[in-house]
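# A look at the structure
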Amino acid sequence: MRAASYPREGAARDVLTVGDLATPDPGPGQVRVRIRVSAVNPTDTKTRDGTTSRPFDDVRVPHQDGVGEIDAVGDGVDPSRIGQRVWVWLASPGGHGGDPLAEWGTCAEYTVVPDRQATALPEDAPDDLGACLGVPAMTAYHCLFADGSLAGATVLVTGGAGAVGHYAIELARWAGATVVSTVSGPEKAELARAAGAHHVVNYREGDPAAAILDAAGPVDRVVEVSLAQNLEQDLRVLSDGGRIVSYAATPQDPVLPVRRLMTGNAGLRFVLLYGVRRDVLGDTARAITAAAGHGALSPLPIHRFGLDDVVAAHEAVERGTTGKVVVDVPFR
């Protein structure tokens, strides 16, 4: 099969190549997926460049997320799944039965994953939506729903034009929340509004905390992309007993005002998708699929690259391209 891979960590242009690798076969409890579209997340570039270093043997096929069709199943898997269109999540690491050294990601003609990590895609959902769902939508889901129902709640999504922010807005709307989002400028404001944010605040203008309170009142949940930068703002707008959920690390750690957090009975929680139990993630994938089936989720703005241009795709993510960078994997 043709696949992108790298034998060591480093810059995309130094280590990423495209060539032929042996086509993997599914083992017990696994499925093989013929990939159509492979999505590139920031975590994929950070793993490749060594920022989030993890050991691996031989070569690593990159990318966690993708969409395609099941073409083979292992022992113990219902053979009726063959031909099913699926979205794949957390394909690398752990593609081969959870082995952390097995690195068969989605940037290849085929990948092998545990049965539950290939989730059936609703018939009306386009491939591009399926490719977008994995890391961003699953992260957004865990930020939003681990603390109970959102019906009637007010949710603040910082960085609403980002991938996680996009799905946090859509999932919160689907759950019956009022959503306010912060962005850095007019173009990103349009993206947040398109995702369904009821109120959008440019955090580079005026007093954003005052603008949030004026637009939506105190917020019950904050989905936070930059805790160190925004903690003061979050505490100003948080309702008594509200929750701040951080899903991204920044070079600077925040200083926590413990007494102020205690006085407001505030909760501070952190989400790292790769540490969540796979059975819990399976439930998450089913919930996200249900939202997609009801038309509640939409693809991010797509930036397409061919398999031979995977280096350029990684560099686009590293430049901070807004939307979703994907690699098309053609059928031969």
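Everything numeric here is computed off the predicted structure, so don't read it as measured data.

If you tally the helices and strands in the protein, you get 10 helices and 15 strands. Relative to the compact-globule value of 20 Å for 332 residues, the protein shows a C-alpha radius of gyration of 20 Å, a close match. For the C-alpha atoms alone, the extent of the protein along its principal axes is close to 60 × 40 × 35 Å. Classification of the 332 residues of the protein by burial places 54% in the buried group.

Compared with the 16 Å implied by 1.5 Å per residue over 12 residues, the 17 Å span of helix 4 (residues 163-174) between its first and last C-alpha is a close match. Of all 12 residues that make up helix 4, 9 are buried, and the element is covered over most of its length. For helix 4, the full list of buried residues reads Val164, Gly165, His166, Tyr167, Ala168, Ile169, Glu170, Leu171 and Ala172. Packed against the buried residues of helix 4 are helix 3 (127-145), strand 8 (154-158), strand 9 (178-183), helix 5 (186-195), strand 11 (219-224) and helix 9 (278-293).

For the rest of this paragraph, the subject is the confidence of the model for the protein. Do not read the fine detail of predicted coordinates wherever pLDDT is low. Per-residue pLDDT for the protein has a mean of 94; in total, 97% of the residues score no lower than 70. For residues 94-102, every residue scores under 50 in pLDDT, and the model assigns this stretch 21 contacts once sequence neighbours within four places are set aside.

With that out of the way, let us pick up the nonpolar core. Leu133, Tyr167 and Leu297 are the most contacted members of the largest nonpolar core, which has 53 residues in total. Residue assignment for this core shows that the elements contributing at least two residues are strand 3 (30-40), helix 3, strand 8, helix 4, strand 9, helix 5 and helix 9. Considering each element in turn, this core owes the most residues, 11 residues, to helix 3. If sequence neighbours within four positions are ignored, Leu133 has contacts with Trp87, Leu121, Met138, Tyr167, Ile288 and Leu297. Among the nonpolar cores identified, the runner-up in size contains 17 residues, and Ala12, Val40, Val311 and Ala316 belong to it.

Per the counting criterion, the structure on display carries 0 disulfides. Summary of cysteine pairing: Cys107 is not part of a disulfide, and the nearest cysteine sulfur, belonging to Cys132, is at 15 Å.

One open sheet holds the 6 strands; their spatial order is 10-9-8-11-12-13, and the pairing between them is parallel. In the strand order of this sheet, the two ends are held by strand 10 (199-202) and strand 13 (267-270), each with one partner. Each adjacent strand pair in this sheet contributes to an overall mean axis angle of 20°, direction not counted. For strand 12 (residues 238-246) and strand 13, the ladder comprises 4 bridges, and the chain directions are parallel. Counterpart to Ser246 in the pairing with strand 13 is Phe270. In this fold helix 7 (residues 227-237) packs onto strand 8, strand 9, strand 11, strand 12 and strand 13, with an angle of close to 160° to the strand it touches most, strand 12.

Scoring rules and cut-offs
Residues numbered from 1 in each chain as written. Predicted model: local features only at pLDDT ≥ 70, side-chain atom pairs only at ≥ 80, totals over all residues. Heavy atoms only, no water. Helix = DSSP H or I, 4+ residues; strand = E, 2+ residues; numbered from the N terminus. Rg over C-alpha atoms; globule rule 2.2 N^0.38 Å. Buried < 20%, exposed > 50% of the residue type's maximum accessible area, 1.4 Å probe, protein only. Expected span 1.5 Å × (residues − 1). Contact = heavy atoms within 4.5 Å. pLDDT = per-residue confidence, 0-100. Core = buried A, V, L, I, M, F, W, Y, C linked by side-chain atoms within 4.5 Å. Disulfide = S-S within 2.5 Å. Pairing = 2+ DSSP bridges. Axes fitted to C-alpha atoms, helices over the stretch in contact; angles between N-to-C directions.

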